[in-house]
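Results of the structural survey
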Amino acid sequence: MTQHHLRFAPQILARLGEELVPHADLGIMELVRNAYDADATHCQLRTSEAEQPGGTLVISDDGDGMTAEQLANGFLLIGKSGKSSNTHTRKFRRKVGEKGLGRIAALRLGTQATIRTRSVDNPDFEHTLTIDWDSIDGSEAVEDVPLTVATQRCEGQTGTTVEITGLRQGITKQDADRLARSVLMLTGPFSFADGSEFRVTCDSSEFEYLSKVITGDLLQWAEFRLVAELNEQGKASATLYNWRGEVIKAAGHDDVGRRRQGRGNRGAPLCFSAPPAIFEMWMFNLNPGASKEVRLTQQPTPDIKTWLRQVGGAHLYHRQLRVQPYGDMGNDWLLINLRRAASPEVRPSTNNSVGRIQVEDSENLLQPKTDRSGFVDNPAFLELQEFAKRALDWSADQRLELREQRRIGAAPKARDRVKEAEKQFQNLLEAISPKDSGAPTLDGSADSAVLESFTAGASEVFDSQRQEIEALREDLLLYRTLATVGTSTAVFAHEAMKPAARIINEVKTVSRRVKQHVSEDEYKERFHSSVENSIDSAKTLETFARLPLTLLTKNKRQITNVDFDRECPAIVRLFSRYLDERGIRVEYDLDAEGAIVRSTIADIESILSNLIVNAAHAFTRTDAIRPERTVRVRTRLVAEGGTTRLCLCVDDSGPGIKEISLSAIWLPGKTTRDNGTGLGLTIVRDIVADLGGTQEAREHGELGGARIMVWLPAQAAGVQGA
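Below is a short write-up of the structure. (Residues numbered from 1 in each chain as written. Predicted model: local features only at pLDDT ≥ 70, side-chain atom pairs only at ≥ 80, totals over all residues. Heavy atoms only, no water.)

Each α-helix winds once per 3.6 residues, and so residues spaced three or four apart point in a common direction. Among the 11 residues in helix α20 (residues 680–690), eight count as buried, and that is most of the element. Those residues of α20 not exposed but buried are Leu681, Thr682, Ile683, Val684, Arg685, Asp686, Ile687 and Val688. Looking one or two residues beyond α20, the residue adopting positive phi is Gly692, at roughly 80°. (Buried < 20%, exposed > 50% of the residue type's maximum accessible area, 1.4 Å probe, protein only. Helix = DSSP H or I, 4+ residues; strand = E, 2+ residues; numbered from the N terminus.)

Judged by pairing direction, the sheet is mixed, and its five strands sit side by side in the order β16-β18-β19-β21-β20 without closing on themselves. Bordering the open sheet on either side are β16 (585–591) and β20 (694–698), each of which pairs with just one other strand. Averaged over all adjacent pairs, the angle separating strand axes in this sheet is 15°, with direction ignored. Where strand β19 (residues 643–652) lies against strand β21 (residues 707–713), seven bridges are found, and the strand directions are antiparallel. For Arg645, the partnering residue across the bridge sits in β21 and is Pro713. The strands that helix α17 (residues 564–573) touches are β16, β18 (630–640), β19 and β21; relative to β16, the one it contacts most, it runs at about 175°. Relative to β21, α20 is tilted by about 20°, and along the sheet it contacts β20 and β21. (Pairing = 2+ DSSP bridges. Axes fitted to C-alpha atoms, helices over the stretch in contact; angles between N-to-C directions. Contact = heavy atoms within 4.5 Å.)

Moving on, we get to the packing of helix α8 (residues 205–214) against helix α11 (residues 301–311). Packing of α8 against α11 leaves a shortest axis separation of 9 Å and a crossing angle of 115°. Classified by the interaxial angle, the pair formed by α8 and α11 is roughly perpendicular. Like other packed secondary-structure pairs, α8 and α11 cross with a definite hand, here left-handed. Here Tyr209, Leu210, Val213 and Ile214 of α8 lie close against α11, whose contacting residues are Thr306, Trp307, Gln310 and Val311. (Parallel < 35°, antiparallel > 145°, perpendicular 65-115°, else oblique. Left-handed = near helix turned anticlockwise from the far one by under 90°.)

Attention now moves to the environment of Arg573. As for its placement among the helices and strands, Arg573 is situated in helix α17. C-alpha separation for the pair Arg573 and Val586, spaced 13 residues apart in sequence, amounts to 9.8 Å.

Geometrically, a pair of aromatic rings is defined through the distance of the ring centres and the angle of the planes. Tallied over the entire structure, the rule returns nine aromatic pairs. A centroid spacing of 5.7 Å and a plane angle of 80° characterise the contact between Phe284 and Trp307, whose relative ring orientation is edge-to-face. Here the residue Phe284 occupies a position in the loop between β11 (277–283) and α10 (294–297), and Trp307 occupies one in helix α11, the gap between them amounting to 23 residues. The two residues Phe284 and Trp307 agree in class, both being buried. We note Arg108 situated over the ring of Trp133; from NZ or CZ to the ring centre the distance is 5.0 Å. (Phe/Tyr/Trp six-rings, centres within 6.5 Å; stacked < 30°, edge-to-face > 60°. Lys NZ or Arg CZ within 6 Å of the ring centre and 35° of its normal.)

Another aspect to go through is the pairing of strand β17 (residues 596–600). Successive side chains on a regular strand alternate, one facing one side of the sheet and the next facing the other. Among the five residues that make up β17, four are buried, leaving the element largely enclosed by the rest of the structure. Pairing of strand β15 (residues 559–563) with β17, which is carried by five bridges, proceeds in the antiparallel orientation. For Val562, the partnering residue across the bridge sits in β17 and is Val597.

Right, let's talk about the pattern of salt bridges for a bit. All chains considered together, the criterion is met by 23 salt bridges. The partner of Glu520 in a salt bridge is Lys524, with the nearest N and O atoms 3.4 Å apart. Placement of both Glu520 and Lys524 in helix α15 (residues 520–526) is noted, with a separation of four residues, approximately one turn of the helix. With respect to burial, Glu520 and Lys524 carry one shared label: exposed. (Salt bridge = Lys/Arg side-chain N within 4 Å of Asp/Glu carboxyl O.)

What follows concerns the side chain of Arg707. In this fold, Arg707 is placed in strand β21. Assessed through its relative accessible area of 10%, Arg707 is described here as buried. A polar contact is formed between the side chain of Arg707 and the side chain of Asp651, at a distance of 2.9 Å. Excluding residues that lie within four positions of it along the chain, Arg707 makes contacts with Arg634, Cys649, Val650, Asp651, Glu696, Ala697, Arg698, Gly701 and Glu702. (Polar contact = N/O pair within 3.5 Å; in protein donor to acceptor, adjacent residues only side chain to side chain.)

Put into structure tokens, the structure is as follows:
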């Protein structure tokens, strides 16, 4: 019986190499990874006349090299991973080389490939292997063309050189840029932070330019740094640092692992089914003019922007080396730009941040794709992504809370400082103003001191006012946006009232005409319900159209004495149809009769309407299981320590405050509702602060759902000065 073996046509190598590996740089980087596995400290790429076909590409390293046997039965054995028998190198590096398809793609870039290698096990001999691809491509089967390993004695350092000649295609500038960036980002801009013992260089002009950009030591200028860890048990933790390296906030798995946005289960998972990892993100302030920090005036902002254009985004480092395409230009694999667009509050983007996920993956849970362009989207990889996304969400929460604390405290402090500075300035003016025409003029050393004090006082006034303006600028941007929404809504509402009224009239006309042609019983059976529903819907539309016009009435923005108990039912009635359609009943327990709050009707409407709408939204949640839908509005007049305050309490029978902290609900953009703005309670908080009051949220109140309480300075009716 004659024995036969499987044979392979040369075209199979083209498919395995050139067609499965989309870019030549991915294949070249596989040869660089081989150098890393060989314990090299330096790998160099050189080109010669490579802009046009026929040029040369050389990849050399100072690693351990290969013996003749390793060259023949390892390097030339396609598809076998060197990690299967020995997972670590002599220097205890975790091996990163894979199946060899990328290596084939690189070797076939030219018509001939020559491999020269000297092994640490036999350093006096050099082994050479030449692959003539024209001969192989012209043969019937790959194995018909013998390959010979030549050995000769020589001196020199150990390592391997791969020379690819007769390049089939020239390396275009775009290819050179991509290759240079791939080489530089293999260890990345983080080598300064780590002291990496493996470096790759390239002799191209593109490499020289990008090298100056990418390897710049600019991490020191980060405003915030996030460090999140995923341990062996799948538990997450995170710490947020400021630019000084001081801890702003640290949290464990229950907080970091919690899903932040959208409906559904937001609780932290029992554990992440991903290999242990460390996620770091450096976030920069690229608008230094908006800050008063001295360090930002020295920040090389243009250099940082240029640098971030090349390195920005989150990169994945698997066993110390970067994995393409994660973090490549246009590859936002953590969706940080999308999340910033949906909720721009203090979130990082690929334009203002750079980060990395480092993972060793000792159990090989992450499976490389055949074409070497990243990992297969298996559960381990998707869980790794989810861990990083949730860590970024947690970081955004902490930065938002920090910013809001500064914003809330800055305005009143600035106002107090302005008042004090103006008082001192006025006293100084009175001190130097002439009492009569015979008063002496300012001259001499004493008068110079007065003038100096005058100048200092004036500077203090102007500086205080500037700080007050800066403190109010963020509020201005927020409320300017809301004002635009309000005025646009008013325009559309005004136009919507006309067709709503027209719909009602047309439906009534159709109803009268139908009654003329059908019996009363038939009308009730077939048409009455549809007609009444149409009229009710049109009336609802008319009511909703009238609501913003009512809220935007000019005279409501004038400061006056507001009788709170009298205004409460009137404000709630504005939402009566909205509440009735949803089966929501409003109860009143108003016991602050005659209590006067010095404010505007618009402010009081904003407070109460946002609290009512917030309570109504609670009934739409999937965990709102109580059949009754009740909102209770309660007022009390409270006298404490010589001061009188009005207490407004809004309870609902919904599911209560869940999956968001009691402090976070007041922050802009924080919501437990899909498509919610997260601005309602922020507006309440800001108005209450302007009125000199306070607010509090509780997870559950008397009705089982959430409770929101507001205290405002007030006076009883008839009190002088109310």
